[in-house]
Amino acid sequence: VAFGRDGHFAGIGLAVEIGRKGADWEGAMLELRNIIGAGLMATEAIPCVFGILAATPGDPMSAIKMGVNIGDDTDTVATMVGAVAGALYGMGNIPD
């Protein structure tokens, strides 16, 4: 679990930083899983979702695919990624 200088949980910011740093798709996924985690606990699942979205900008299907393949609690993470991606990009950008 990562904490910022003020002692508050900094997981989302760190996850987004990992996602944005330009690693390849699999590299970003592995780094998110290894550093942030992809478990059921909110301190892992929620930051992981935002890290995945940062790693796959504008591509909701790649984001969902990463959520499915990241390991650990994949059904929770992928479902949350799909929900946030739908809200962010519009359901019209997610095929039936």
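As a starting point, this report considers the structure included with it.

1. Side note on the packing of aromatic side chains
Counting across every chain of the model gives zero aromatic pairs. Note that Lys 65 overlies the ring of Trp 25, its terminal NZ or CZ placed 5.3 Å from the centroid.

2. Details of the nonpolar core
Counting residues in each nonpolar core, the largest one holds 18 residues, and the members touching the most others are Leu 32, Cys 48, Ile 52, Ile 70, Val 77 and Val 81. Of all elements in the fold, only α1 (11–20), α2 (25–36), α3 (42–55), α4 (60–69) and α5 (74–89) reach the threshold of two or more residues within this core. Here this core gets five residues from one element, more than from any other, and that element is α3. In contact with Ile 52, other than residues within four places in its own chain, are Leu 32, Ala 63, Met 66, Gly 67, Ile 70, Val 77 and Val 81.

3. Some thoughts on a nonpolar patch on the surface
A surface patch of nonpolar side chains, amounting to about 220 Å² of accessible area, comprises Ile 12, Ile 46 and Phe 50. Residue placement: Ile 46 occurs in helix α3.

4. Some points on the pattern of salt bridges
Per the counting criterion, the structure on display carries one salt bridge. As a salt-bridge pair, Lys 21 and Glu 31 come within 2.6 Å of each other at their nearest N and O atoms. Taken together, the residues span a long stretch of sequence, with Lys 21 in the loop between α1 and α2 and Glu 31 in helix α2 at a distance of ten residues. You can call Lys 21 exposed: its relative accessible area is 51%.

5. Section: the side chain of Thr 56
Assignment of secondary structure puts Thr 56 in the loop between α3 and α4. When its relative accessible area of 4% is taken as the criterion, Thr 56 is described as buried. Residue contacts for Thr 56: discarding those within four places in its chain leaves Trp 25, Ser 62, Ala 63, Met 66 and Tyr 89.

Calculation notes
Residue positions are given per chain, counted from 1 along the sequence in the order it is written. Per-residue local features are limited, in this predicted model, to residues with pLDDT of at least 70; the limit for side-chain atom pairs, both in listing and counting, is 80 or more; totals at the level of whole chains, interfaces and linings are taken over all residues. The basis for every side-chain value is the complete set of heavy atoms in the structure, and neither hydrogens nor water enter the calculation. Only rings of Phe, Tyr and Trp enter the pairing, Trp through its six-membered ring, and a pair is recorded when the two centres are within 6.5 Å. The plane angle decides the type: under 30 degrees is stacked, over 60 is edge-to-face, the rest tilted. Consider the ring centre and the ring normal. A charge sits over the ring if Lys NZ or Arg CZ is within 6 Å of that centre and within 35 degrees of that normal. Nonpolar cores are built from buried Ala, Val, Leu, Ile, Met, Phe, Trp, Tyr and Cys residues. Side-chain atoms within 4.5 Å join them into one set. Think of it in three bands: residues with accessible area under 20% of the maximum for their type are buried, residues over 50% are exposed, and the middle band is partly exposed, with areas taken using a 1.4 Å probe on protein chains only. The way it works is that DSSP assigns letters per residue, a run of H or I at least four long becomes a helix, a run of E at least two long becomes a strand, and they are numbered from the N terminus. Here, two residues are considered to be in contact whenever any of their heavy atoms come within 4.5 Å of each other. Only residues whose relative accessible area exceeds 30% and that form no salt bridge enter a patch; like-charged residues are grouped when within 9 Å of one another, and nonpolar side chains (Val, Leu, Ile, Met, Phe, Trp, Tyr) when within 5 Å. Areas reported here follow the Shrake-Rupley algorithm with a probe of radius 1.4 Å; residue values treat only the protein chains shown as occluding. A side-chain nitrogen of Lys or Arg and a carboxyl oxygen of Asp or Glu constitute a salt bridge if their distance falls within 4 Å.

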